[in-house]
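# Summary of structural features
Spelled out, the chains give:
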There are 2 protein chains.
Amino acid sequence: MNEWKNYPMERLGALREECRRKYEGFKASGLKLDMSRGKPSPDVLDLSNGLLEAPASYICEDGTDARNYGTPTGIPECRRLFGELLGIDPDQIIVGNNASLQIMHDIVGRLYFFGTLGGKPWKDLEKVKFICPSPGYDRHFGVSGEYGAEMVTVPMTEDGPDMDAVEALAAEDEAVKGIWCVPLYSNPQGIVYSAETVERMAGMKTKAKDFRVFWDNAYGVHHIYEENCLADIMEAARRHGNEDRIYYFFSTSKITFPGGGIGMLAASPANIAEQQAHIDVQTIGYEKIAQLRAVNFLKSPENIKAHMWKVADILRPKFDIVIDTLERELGGTGLATWQRPKGGYFVSVDTLDGCAKAVVAKAAEAGTVLTDAGATFPYGKDPRDSNIRIAPTFPSEGELQQAMDLFCLCVKMASIDKFMDGRR
Amino acid sequence: MNEWKNYPMERLGALREECRRKYEGFKASGLKLDMSRGKPSPDVLDLSNGLLEAPASYICEDGTDARNYGTPTGIPECRRLFGELLGIDPDQIIVGNNASLQIMHDIVGRLYFFGTLGGKPWKDLEKVKFICPSPGYDRHFGVSGEYGAEMVTVPMTEDGPDMDAVEALAAEDEAVKGIWCVPLYSNPQGIVYSAETVERMAGMKTKAKDFRVFWDNAYGVHHIYEENCLADIMEAARRHGNEDRIYYFFSTSKITFPGGGIGMLAASPANIAEQQAHIDVQTIGYEKIAQLRAVNFLKSPENIKAHMWKVADILRPKFDIVIDTLERELGGTGLATWQRPKGGYFVSVDTLDGCAKAVVAKAAEAGTVLTDAGATFPYGKDPRDSNIRIAPTFPSEGELQQAMDLFCLCVKMASIDKFMDGRR
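Residues numbered from 1 in each chain as written. Chains lettered and ligands numbered in written order. Predicted model: local features only at pLDDT ≥ 70, side-chain atom pairs only at ≥ 80, totals over all residues. Heavy atoms only, no water.

On to the overall build of chain A, then. Along chain A, the regular secondary structure elements total 13 helices and 13 strands. Taken against the 2.2 N^0.38 rule, which gives 22 Å for 424 residues, the C-alpha radius of gyration of chain A at 23 Å falls within 12% of a compact globule. Dimensions of chain A along its principal axes, counting C-alpha atoms only, are 75 × 50 × 30 Å. Looking at chain A as a whole, 61% of its 424 residues are labelled buried. For chain A, the share of sequence-separated contacts (at least 6 apart) that also reach a separation of at least 24 residues comes to 77%. As presented, chain A carries roughly 15,200 Å² of accessible surface, and 51% of it is formed by carbon and sulfur atoms. Across chain A, the centroid of the 48 positively charged side chains sits 4 Å from that of the 60 negatively charged ones. (Helix = DSSP H or I, 4+ residues; strand = E, 2+ residues; numbered from the N terminus. Rg over C-alpha atoms; globule rule 2.2 N^0.38 Å. Buried < 20%, exposed > 50% of the residue type's maximum accessible area, 1.4 Å probe, protein only. Contact = heavy atoms within 4.5 Å. Areas by Shrake-Rupley, 256 points an atom, 1.4 Å probe, with all protein chains shown as cover. Lys, Arg positive; Asp, Glu negative; His and termini not counted. Charge placed at Lys NZ, Arg CZ, Asp CG, Glu CD.)

To continue, consider the relation of the copies chain B and chain A. Expressed as a screw operation, the relation of chain B to chain A combines 0.0 Å of axial shift with a rotation of 180°, fitting to an RMSD of 0.0 Å. Interpreted geometrically, this transformation is the action of a two-fold axis. By residue overlap, the copies meet face to face through one surface: 100% of the interface positions of chain B are interface positions in chain A. (Least-squares fit on C-alpha atoms with pLDDT ≥ 70 in both.)

Residue and element names in this part refer to chain B. With respect to the helices and strands, the residue Arg212 is situated in strand S7 (residues 212-216). Despite its burial, Arg212 pairs with no opposite charge, the nearest such side chain being Asp244 at 5.5 Å. Excluding residues within four positions of it along the chain, Arg212 makes contact with Leu111, Thr116, Leu117, Lys177, Gly178, Ile179, Asp244, Arg245, Tyr247 and Asn271. (Salt bridge = Lys/Arg side-chain N within 4 Å of Asp/Glu carboxyl O.)

On to unusual backbone geometry, then. Residue Pro188 of chain A follows Asn187 of chain A across a cis peptide bond; omega there is 10°. In this structure, Pro188 of chain A sits in the loop between strand S6 (176-181) and helix H7 (195-203). If you check the backbone angles, Asp385 of chain A has positive phi at about 45° while not being a glycine. Its location among the elements puts Asp385 of chain A in the loop between strand S12 (368-370) and strand S13 (387-390). Of the residues examined, Asp385 of chain A reaches a relative accessible area of 14% and is grouped as buried. At Tyr379 of chain B, a position not held by glycine, the phi torsion is positive, near 65°. Following the sequence through the fold, Tyr379 of chain B ends up in the loop between strand S12 (368-370) and strand S13 (387-390).

Quick look at the packing of helix H3 (residues 76-86) of chain B against helix H11 (residues 301-330) of chain B now. For any two helices packed against each other, the geometry is given by the interaxial angle and the distance between the axes. Residues and elements named next belong to chain B. Following both chains from N to C, one finds H3 and H11 inclined at 70°, their axes separated by 9 Å at the closest point. Accordingly, the angle class assigned to the pair H3 and H11 is roughly perpendicular. Together, Leu81, Glu84 and Leu85 of H3 and Pro301, Ile304 and Lys305 of H11 make up the contact between the two elements. Partitioning the contact of H3 with H11 into residue classes produces 4 nonpolar, no polar and 2 charged. (Axes fitted to C-alpha atoms, helices over the stretch in contact; angles between N-to-C directions. Parallel < 35°, antiparallel > 145°, perpendicular 65-115°, else oblique. Nonpolar A, V, L, I, M, F, W, Y, C, P; charged D, E, K, R; others polar.)

Quick look at the pattern of salt bridges now. Applying the stated criterion across every chain, the model contains 50 salt bridges over all chains. For Asp405 of chain B, the salt bridge goes to Arg328 of chain B, with nearest N and O atoms at 3.5 Å. Taken as a pair, Asp405 of chain B in helix H13 (residues 397-423) and Arg328 of chain B in helix H11 lie far apart in primary sequence, 77 residues in all. Here Asp405 of chain B falls in the partly exposed class, since its relative accessible area comes to 26%. Through salt bridges with shared partners, a single ionic network connects Asp164, Glu167, Glu196 and Arg200 of chain A.

All names here are of chain A. Packing of helix H12 (residues 356-365) against helix H13 (residues 397-423) brings their axes to within 9 Å, and their N-to-C directions diverge by 130°. As summarised for this structure, H12 and H13 are arranged oblique, according to the angle between their axes. Handedness of the crossing formed by H12 with H13: right-handed. In contact with Ala358, Val359, Lys362 and Ala363 of H12, H13 contributes Leu406, Phe407, Cys410, Val411, Met413, Ala414 and Asp417. Of the residues assigned to the contact of H12 with H13, the class counts are 9 nonpolar, no polar and 2 charged. (Left-handed = near helix turned anticlockwise from the far one by under 90°.)

So, on to helix H5 (residues 138-146) of chain A. Residues of H5 of chain A that are buried include every one of Asp138, His140, Phe141, Val143, Ser144 and Glu146 of chain A, and no others. Looking at the buried side of H5 of chain A, the elements it contacts are helix H4 (100-113), strand S3 (129-134), strand S4 (150-157), S6 and strand S7 (212-216) of chain A together with helix H9 (269-282) of chain B.

Quick look at the confidence of the model for chain A now. With 100% of its residues at a pLDDT of 70 or more, chain A shows a mean pLDDT of 96. For this predicted complex, the interface confidence comes out at an ipTM of 0.96, alongside a pTM of 0.97. (pLDDT = per-residue confidence, 0-100.)

The next subject is the pairing of S4 of chain A. All names here are of chain A. When S3 meets S4, the two strands line up parallel, connected through 6 bridges. The residue of S4 that forms the bridge with Phe130 is Met151. Once the chain exits S3 it traverses H5 before rejoining the sheet at S4, and the crossover so formed is right-handed. Joining the antiparallel neighbours S4 and strand S5 (residues 160-161) is a turn of 2 residues. (Pairing = 2+ DSSP bridges. Right-handed = clockwise from strand over helix to strand, strands pointing away.)

Given below as structure tokens:
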């Protein structure tokens with residue numbers, strides 16, 4: 001087999017020389033690209049420019065003047081639209097401002113300061129642990145880190161987090177209070193949680209009575225190749241008598257405009273009442289005109305899905321470039337592994353252990369900024385220094401092809417350095 | 001003198017009968033009015049309908065695409081506009097989403113959980129006290145109440161809070177950590193803090209090194225009769241070496257749309273850096289398109305001032321109705337005191353001790369909901385049960401005249417009850 005780790009030194013040396021020449025070429029080309037975040041490209045944003053137009057009316061269906069104060073749970077037509085789209089009772093939905101991350105952050109803050117449903121405030125506990133399936137979303141880890149939680153890494157499988165590990169942690173340790181989940185098209189691997197994973201998440205025994213699942217369905221309608229379904233965790237949790245366990249988040253940030261989306265919380269009636277009481281102290285109300293614009297533009301679940309297939313038609317060729325280039329340049333070399341994401345916004349690549357930081361540094365030196373190596377793990381520390389999140393959504397196809405050629409080159413260079421240093 | 005308290009029983013009895021007849025008339029008229037909050041009327045909101053239109057461009061002056069992620073401190077043109085309007089360095093400004101109350105709330109939460117500039121988190125202190133000049137804004141008191149602060153009432157004078165009392169509390173007690181201020185056109189009295197009050201607030205000695213002034217300039221451009229100026233507390237605090245003491249808040253909620261304004265924090269460079277670091281964990285960014293819309297619509301400080309005179313032209317007759325009716329119906333009776341507000345959104349009336357709750361209840365029974373008696377004091381408890389906040393901005397002039405006639409009638413009825421019960 002022709003895995004590079006078996007190559008003789010001379011061949012590696014020759015390859016290193018060849019790579020270095022190509023690399024110097026890239027540096028000379030003056031490539032300047034930021035692929036560090038999952039940002040949509042202008043042509044995807046253009047699909048939502050209708051959102052900029054004045055709403056047909058500023059009067060909501062319940063007669064509320066969206067320009068004025070009031071309706072702190074969000075306007076009814078927006079709660080209903082999200083409810084129909086996600087199969088959730090609108091009464092269990094609070095529609096907020098533009099960032100669902102803020103809703104998550106604020107809930108974590110309240111769990112620490114006030115506790116939930118009669119439970120002890122987490123700030124008064126000796127220790128609080130959060131389960132962080134990794135690789136995962138750096139901003140989730142940032143929130144639990146902000147409040148001082150000990151973050152416990154759990155590996156991802158093709159069906160979602162390793163549920164044996166999750167169940168063991170939740171069942172045995174009362175300090176384990178929560179878990180971060182991106183259940184559909186996980187960030188960064190694009191994994192779809194299986195029905196069994198969802199069922200186990202909803203039904204598992206937890207030592208902590210106030211264990212909470214932060215269910216961030218950020219990519220709930222972000223199909224790329226075909227439509228994948230996510231099992232209904234709210235229904236499952238109800239069935240298991242654990243309905244208060246789930247905080248369900250959704251947002252239109254990656255449906256319309258990241259800067260101008262609508263964030264949403266769905267939860268049990270008891271959780272919604274508790275959060276609303278805190279929200280009523282925090283704000284007089286959310287931006288209802290933005291909610292009206294969203295409803296006017298998105299219209300119906302069917303229309304949202306049609307819109308997202310237009311988005312997919314722009315993203316699909318980009319994902320293909322990433323996967324095809326990885327296969328062409330690194331296939332069979334044993335230098336990296338990856339999986340074709342089923343949807344979402346990212347491609348996750350694992351280099352040889354100890355090479356990720358070097359790859360990201362080399363790419364940056366040649367003008368392409370990638371997400372920091374390690375960012376996909378708690379504390380920004382990837383124990384194997386091997387995972388890299390590729391965000392192909394923003395660059396043009398031409399830029400992306402260049403960036404991927406450079407990326408694969410950097411993987412080869414870092415790997416050769418590892419082999420040759422290793423043998424000295 | 002003909003103060004009612006000196007009237008003989010017979011005359012009071014006759015007046016009571018007369019009032020009761022008129023009151024029954026009001027009940028029969030089926031008046032239905034909510035004057036509980038400071039909401040602008042539709043014709044005021046209409047002045048800002050230009051805000052609904054699509055922005056000329058979604059590209060900010062620094063090249064940022066407002067539709068996408070980025071620029072977490074707010075777009076530069078919006079920070080500059082607020083800076084020019086308020087005389088604050090734009091680098092010391094963070095422009096947020098639609099509610100400055102949320103910025104205040106979140107800062108209080110961070111002071112409790114994280115502390116500020118190396119100080120101990122307030123949650124770890126035995127006691128935290130907030131100075132609450134009263135009558136004041138119920139939502140301010142709601143925030144400090146949410147986090148468990150002990151709220152200490154300080155009386156208001158014609159020049160702002162009683163600074164002798166404020167200075168004594170701040171200087172002597174390390175648990176005294178902050179004060180709520182609405183310095184221009186205070187809520188509810190419409191008082192303008194004098195230059196001396198501002199100077200003393202900025203310069204006073206505080207036992208707590210992390211004492212904070214929550215300077216909510218919510219009505220900073222809300223003149224009604226003539227333009228009143230507010231001394232520059234940021235400059236004064238700098239001069240006294242206390243620049244970290246001030247959190248300065250402003251919002252366009254009552255310039256354009258309450259539901260769709262832009263909130264702002266201004267503070268020292270150290271405070272801004274600290275808050276931004278926390279904000280960067282809480283959200284990926286604020287609604288930049290709304291910020292662009294605000295800049296497009298508001299344009300310049302001069303234009304904002306011109307806009308606010310149009311608002312004043314609508315509000316002025318309403319304030320006149322309130323004051324004129326109070327003077328006509330209650331002048332010289334000794335049953336209530338009030339002052340003509342210099343600007344802002346409210347008129348504050350003090351009934352005889354122990355009558356406010358009764359007045360509000362009687363008005364509600366006849367179809368006019370007023371702000372709860374006591375709401376203008378910490379814990380919703382007015383020790384004298386005498387202060388009532390009148391919010392004349394929402395009703396039409398006709399409705400307002402009816403409501404004020406009813407209000408004065410209720411004051412008379414509650415006062416007569418007090419006199420006659422008192423003499424039995």
